[in-house]
Every structure is written in C-alpha cells, then in structure tokens.
Amino acid sequence: MFSPTLIILTRYQEQLDILELKRTRTRPVSEMAVVHPQGGGAAVIDMENMDDTSGSSFEDVGELHQRMREEQEVAEEAAAADADGADDFLGVKGLKGQLGRQVADEVWQAGKRQASRAFNLYANIDILRPYFDVEPAQVRCRLLESMIPVRMITFPQKVAGELYGPLMLVFTLVAILLHGMKTSGTVIVEGTLMGTAIGTCFGYWLGVSCFVFFLAYLVNAQITLLQMLSLLGYGLFGHCVVLLVTYNIHFHFLFYGLWLLLGGLSTLRMVAVLLSRTVGQTPRLLLCGSLALLHMSFLLYLHFSYHRILEGQNRVGGQDWSVDHL
C-alpha cells in the first residue's frame, strides 16, 4: 500500500504536467529524487534535486486561474455592453422610436387619404352635375311657371331641385343692374360696380333662402334648402323683367304697375308653393308673409334705393356722379 506522501507527490506531478501544456514559458523540472520504496520501505524525496521554480508552481496556477477569471469577466462585461447597446437600438428605446415613426407615418398617410378623398369629393364635376343637368326647354317652362300661381294647395306642389336656372337669373339680374347704371347717365371714374352688384344679388338669393328655410324648419314646413334656393331663384325672373323695362323707360307709374303685376305674380307663386307644404294658419302666415314682404321690398330697393346708396357712397369717396333718379 502506498503511503499518503507518495500519493500527494503523484498528484503534484500530474498538476505540473498539465501546467507545462498550458504555459508557454516554463522551465523543465529537474529530476526529482523520488525513491520508491523497496520491500515496503518508506519513500525518500531528495529535496535538493528539486527545481527552484517547482515551489512556485502553485502560485503560477493561481495566477493563470486569476488571469482567466479576469479575461472571462472582461468578456462578460463586453457582452453585457453589447447586449445593452442592442437593447437600446432594438429594445425599449429603439422600440419606442420605431413605434413613434410608424404611428406618425400612419397618421400622415391617413390624413393624406382623407384630404385626397375630400378634394376629389368637392372637385369632382359629377357630384354637381345633377344640379345643373337640365335642358333649355325645361328652363323655359320653369321660367313661365314661376309667373303662374298654383291653385291647388291641399297637397304639396312640386319644386324643381336644380340650380342652373336660378344661377343664371342671378347673373342676369347683376347684368341688368350694371345696364341700369349706364343708361341712367352714371359716369364711373374709378373701379367698377360689378362687385357691388354681385354681392347684392347673391347676398339676397342666398341670405333670404337660408332665412326662409330656417323659418320653414321652425314651423315644420316640408321643403329643403335646395328646393328653397330653386324656388327663390326662379322667383327673381319677375324682378329681372320689371327692372329691364323700367331702366329703359323712366315712368314711375309703369314701374308700379309692373311691380304689382309681375312681381306680385312671382311672389304669389312662391307663397302658394309654401302654403301647400305648411300645415297650420299661424305657421303659414309667418312663413309666407315673411317671404312676400322680403321679395317685394327687394324689387323696390333695386329700383329706388340701390342707385342712391351707391351715389352717396361715391360722393363720400370724392367722386362726382350724375345720376338721373329713376
């Protein structure tokens, strides 16, 4: 049986052999005076023949182990730093930045699509085509019908839902006002009266139509804004005829006669249509009385007060007009 000292020496020798394989700078261990026991004697070790560096082998192993641990720690720290950088790029911070860019891009694309859809909706001519798709013969018939009051008011009368005829009548009224300024001896020094005439005519058409539609909504009359615009627009046909005649023939009695005849007929036509679409005496009186008063007063204003108001504005501006009172 081997003694414990021999076993220790054997393990020590094995460690030295392993160390020699791993180290690049080592000096060979000199022959150790290891005397194996003969006949069961004790082992003798010659300590003088041991290499001087053999005593520091354990220290070299410790230094190697410490160096390996330091290298491993450095590698782990580098790996952790790379992982943190990757997390910053693709992790929480990177994910927030990427999601923010995606959300911003989606919002921009959605807004762009909505804006394009809205632009195409209002710019497409096909949407407005039903309101202006009318034959000249139909416009002529509706102009004549605007001067003929309906008799039956027990059921709702039909109202044309188109804007071509009313729009053309408004522009015609603008042209007649400008023609009346020229035939009355007006001298225009600067600028033009077209903007004032357009504002007056379109303001009346749109403003009164919206006001009467609001009253109709309050009294529960069965009429839409489009129908009200068409009805009042065709009602301006009588105004155009009266002003065109009286601007060229300056007789007050002629104007009053045409005002009652043509203006009254066009007003009665609109009143009859509203009566057929309104229920109740008080709502009818309120709605139809307001429309008749505004429509007849507008014709008086265009004949008597329109030129005088412009004349007063022109005098304030320092210009000299010569206006013949119509």
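As the structure is a prediction and not an experimental result, all values here were calculated from the model.

This next bit is on the overall build of the protein chain. Looking only at helices and strands, the protein chain features 10 helices and two strands. Within the protein chain, the proportion of its 326 residues that are buried is 32%. When contacts within the protein chain are restricted to residue pairs at least 6 apart in sequence, those whose partners lie at least 24 apart make up 73%. Accessible surface, the protein chain: about 21200 Å² in total, of which carbon and sulfur atoms supply 63%.

A cluster of nonpolar residues, Ile127, Leu128, Tyr131, Phe132, Tyr164, Met168 and Phe171, forms a patch on the protein surface that exposes about 580 Å² of accessible area. Within the residue set of the nonpolar patch, elements represented by two or more residues are helix 4 (125-132) and helix 6 (164-183). No other element matches the four residues that helix 4 contributes to the nonpolar patch. Here Ile127 lies in helix 4.

Relative to the elements of secondary structure, Thr196 occurs in helix 7 (residues 194-218). Looking at Thr196, the relative accessible area reads 34%, which means it is partly exposed. C-alpha separation for the pair Thr196 and Leu178, spaced 18 residues apart in sequence, amounts to 9.8 Å.

The subject of this paragraph is the pattern of salt bridges. Using the criterion set out here, one finds one salt bridge in the structure. A salt bridge links Arg142 to Glu162; the shortest N-O distance between them is 3.0 Å. Here Arg142 is found in helix 5 (residues 136-145), whereas its partner Glu162 is found in the loop between helix 5 and helix 6, with 20 residues between them in sequence. Taking relative accessible area as the criterion, Glu162 reaches 4% and is therefore assigned buried.

The next subject is a negative patch on the surface. On the surface, a cluster of negative charge is made up of Glu70, Glu71, Glu73, Glu76 and Glu77. For Glu77, the position within the fold is in helix 2 (residues 57-90).

Looking now at the packing of helix 8 (residues 225-248) against helix 9 (residues 252-276). Where helix 8 meets helix 9, the closest approach of the two axes is 9 Å, and the angle between their N-to-C directions is 170°. Relative to helix 9, the element helix 8 lies roughly antiparallel. From helix 8, Met228, Leu231, Leu232, Gly235, Gly238, Val241, Val242, Val245 and Thr246 reach across to helix 9, where they touch Leu254, Phe255, Leu258, Trp259, Leu262, Gly263, Ser266, Met270, Val273 and Leu274. Of the residues that constitute the contact of helix 8 with helix 9, the class distribution is 14 nonpolar, five polar and no charged.

Turning our eyes to something else, we now look at the environment of Leu254. Position of Leu254 among the secondary structure elements: in helix 9. Separated by 12 residues in sequence, Leu254 and Val242 have C-alpha atoms that sit 9.2 Å apart. Once you skip the residues sitting within four places of it in the chain, Leu254 turns out to touch Val245 and Ile249.

Moving on: the confidence of the model for the protein chain. Overall, the predicted model of the protein chain reaches an average pLDDT of 74, with 63% of residues at or above 70. The low-confidence segment residues 24-59, where pLDDT is below 50, has 31 contacts with residues more than four positions distant or belonging to other chains.

Once that is clear, we can look at the packing of aromatic side chains. What the rule picks out here adds up to seven aromatic pairs. Plain terms: the ring middles of Phe255 and Phe304 are 5.3 Å apart, the flat faces sit at 85° to each other, and that makes the pair edge-to-face. Of this pair, Phe255 sits in helix 9 while Phe304 sits in helix 10 (residues 281-316), and the two are 49 residues apart along the sequence. Among the residues examined, Phe255 registers a relative accessible area of 0% and is labelled buried. Members of the aromatic cluster, connected to one another through ring pairs, are Phe171, Phe202 and Trp205.

So, about the packing of helix 7 against helix 8. A pair of packed helices can be characterised by two numbers: the angle between their axes and the separation between those axes. Following both chains from N to C, one finds helix 7 and helix 8 inclined at 130°, their axes separated by 9 Å at the closest point. It follows that helix 7 is oblique to helix 8 by the angle criterion. The chirality of how helix 7 crosses helix 8 is right-handed. Residue-level contacts link Tyr204, Trp205, Leu206, Val208, Ser209, Cys210, Val212 and Phe213 of helix 7 to Leu225, Met228, Leu229, Leu232, Gly233 and Leu236 of helix 8. Of the residues that constitute the contact of helix 7 with helix 8, the class distribution is 12 nonpolar, two polar and no charged.

This next bit is on the UniProt feature "transmembrane region" (unreviewed entry) in the protein chain. Those places that UniProt annotates as "transmembrane region" (unreviewed entry) correspond, in this numbering, to residues 163-181, 193-218, 225-247, 253-273 and 285-304. Within the segment residues 163-181, helix and strand shares are 95% and 0% respectively, and the terminal C-alpha atoms sit 28 Å apart.

What follows is about the side chain of Ser209. Within the secondary structure layout, Ser209 lies in helix 7. In this view, Ser209 contacts Tyr204, Leu225, Met228, Leu229 and Leu232; residues no more than four positions away in its chain are not counted.

What counts and how
Residues numbered from 1 in each chain as written. Predicted model: local features only at pLDDT ≥ 70, side-chain atom pairs only at ≥ 80, totals over all residues. Heavy atoms only, no water. Helix = DSSP H or I, 4+ residues; strand = E, 2+ residues; numbered from the N terminus. Buried < 20%, exposed > 50% of the residue type's maximum accessible area, 1.4 Å probe, protein only. Contact = heavy atoms within 4.5 Å. Areas by Shrake-Rupley, 256 points an atom, 1.4 Å probe, with all protein chains shown as cover. Patch = residues over 30% accessible without salt bridge, like charges linked within 9 Å, V, L, I, M, F, W, Y side chains within 5 Å. Salt bridge = Lys/Arg side-chain N within 4 Å of Asp/Glu carboxyl O. Lys, Arg positive; Asp, Glu negative; His and termini not counted. Charge placed at Lys NZ, Arg CZ, Asp CG, Glu CD. Axes fitted to C-alpha atoms, helices over the stretch in contact; angles between N-to-C directions. Parallel < 35°, antiparallel > 145°, perpendicular 65-115°, else oblique. Nonpolar A, V, L, I, M, F, W, Y, C, P; charged D, E, K, R; others polar. pLDDT = per-residue confidence, 0-100. Phe/Tyr/Trp six-rings, centres within 6.5 Å; stacked < 30°, edge-to-face > 60°. Left-handed = near helix turned anticlockwise from the far one by under 90°. UniProt positions renumbered as here; feature names shortened; annotations may be inferred.

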